[in-house]
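Working through the structure, step by step
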Amino acid sequence: MRILPLVLLTVAISGATAKDSGPKLYPGAKAPKVEVSSWIKHGPVAASDKYTVVEFWATWCGPCRTSIPHLTELAKQYKDKIDFIGVSVYERGDSFDAITANVAKFVEGMGSQMDYHVALDTKEGKMAKTWMEAAEQDGIPAAFLVDPKGIVVWIGHPMGLEEPIKEALEGKLDVKKLQQEYLEGSKKNRKVREVHQKFGESVRLYKAGKKKEAENTLKPLDKEGGDLAEACNFVRPQRHVYARHA
């Protein structure tokens, strides 16, 4: 089982909980529009019959910096078949103008290592909401592969794009299977998020000296067994540490 980190990414990206009905965007679903505040490099993508990769990143994201050159390599390799768009999201700054300037400076600094279409999300975070949050993607970088008909056929980490791209172009990508796996994975992740929410509640109770109540917050999840019980056992040893340093 893959337990999500306790920090569950340093940005609170998704507000999804175990009570949600599931992601609105997944393999096999219609891709949302690409609506950005500005194009930082290479301008908007012209309408065509190509595939499109829409990738989400941020200037402060270390893993994003690592994946950017890889995306550039793929963009060059598949320039006649796939358009690559990198959308900056969840940026930090005193004003949107400052954020825009910072993103532009970052892209300029990357130079030829970041050589594909680059844009900045809207001030309201429309791309983050309609793509990332709709797909229940909790971390960046994240990439979406969209076919010429506007259907999302794959969602995942950009470093894992090569195989699905190859299969998609060869007509061998099993989108129905990917959809089933994605929805099942999202359901499990919502349960893990529930564990983290209970963990936070347990920490607060422990800090207040209510040790018994703190332990009881996780017991209902224990009863469900399986992955949830394992997740509870994972967070329990950490609770006291977090309580002392919170």
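These notes cover the structure that comes with them.

Conventions we followed
- Residues numbered from 1 in each chain as written.
- Predicted model: local features only at pLDDT ≥ 70, side-chain atom pairs only at ≥ 80, totals over all residues.
- Heavy atoms only, no water.
- Core = buried A, V, L, I, M, F, W, Y, C linked by side-chain atoms within 4.5 Å.
- Buried < 20%, exposed > 50% of the residue type's maximum accessible area, 1.4 Å probe, protein only.
- Contact = heavy atoms within 4.5 Å.
- Helix = DSSP H or I, 4+ residues; strand = E, 2+ residues; numbered from the N terminus.
- Phe/Tyr/Trp six-rings, centres within 6.5 Å; stacked < 30°, edge-to-face > 60°.
- Lys NZ or Arg CZ within 6 Å of the ring centre and 35° of its normal.
- 1 Å grid on protein atoms, 1.4 Å probe; cavity = no way out; pocket = protein on both sides within 12 Å on 5 of 7 lines; lining within 4 Å.
- Points joined across faces, edges and corners; volume = space filled by probe spheres on them.
- Nonpolar A, V, L, I, M, F, W, Y, C, P; charged D, E, K, R; others polar.

Residues Phe 56 and Phe 84 are the most contacted members of the largest nonpolar core, which totals 54 residues. When sequence neighbours within four positions are dropped, the list of residues in contact with Phe 56 reads Val 87, Val 89, Met 127, Trp 131, Met 132, Ile 140, Pro 141, Ala 142 and Phe 144.

All right, on to the environment of Asn 102 then. Tracing the sequence through the fold places Asn 102 in helix α2 (residues 96–110). Judged by relative accessible area, which is 33%, Asn 102 ranks as partly exposed. Put simply, Asn 102 and Arg 92 are ten residues apart on the chain and 9.3 Å apart in space, counted from C-alpha to C-alpha.

Two numbers describe a pair of aromatic rings. These are the distance of the centres and the angle of the planes. With the rule as written, the count across this model stands at four aromatic pairs. Arranged with centres 6.1 Å apart and planes meeting at 50°, the rings of Phe 56 and Trp 131 form a pair that is tilted. Of this pair, Phe 56 sits in strand β2 (residues 51–57) while Trp 131 sits in helix α3 (residues 126–133), placing them 75 residues apart in sequence. Phe 56 gets classed as buried once you look at its relative accessible area, which sits at 0%. Taken together, the aromatic side chains of Phe 56, Trp 131 and Phe 144 make up a single cluster linked through ring pairs. If you follow Arg 92 out to its NZ or CZ, it ends over the ring of Trp 60, 4.1 Å from the centre.

Approximately 360 Å³ is the volume found for the second largest pocket. If you trace the second largest pocket, you find 21 residues lining it, with Val 34, Val 45, Thr 52, Ile 85 and Val 146 closest to the centre. Residue assignment for the lining of the second largest pocket shows that the elements contributing at least two residues are β2 and β3 (82–88). Looking at the lining of the second largest pocket residue by residue, the classes come out as 13 nonpolar, three polar and five charged.

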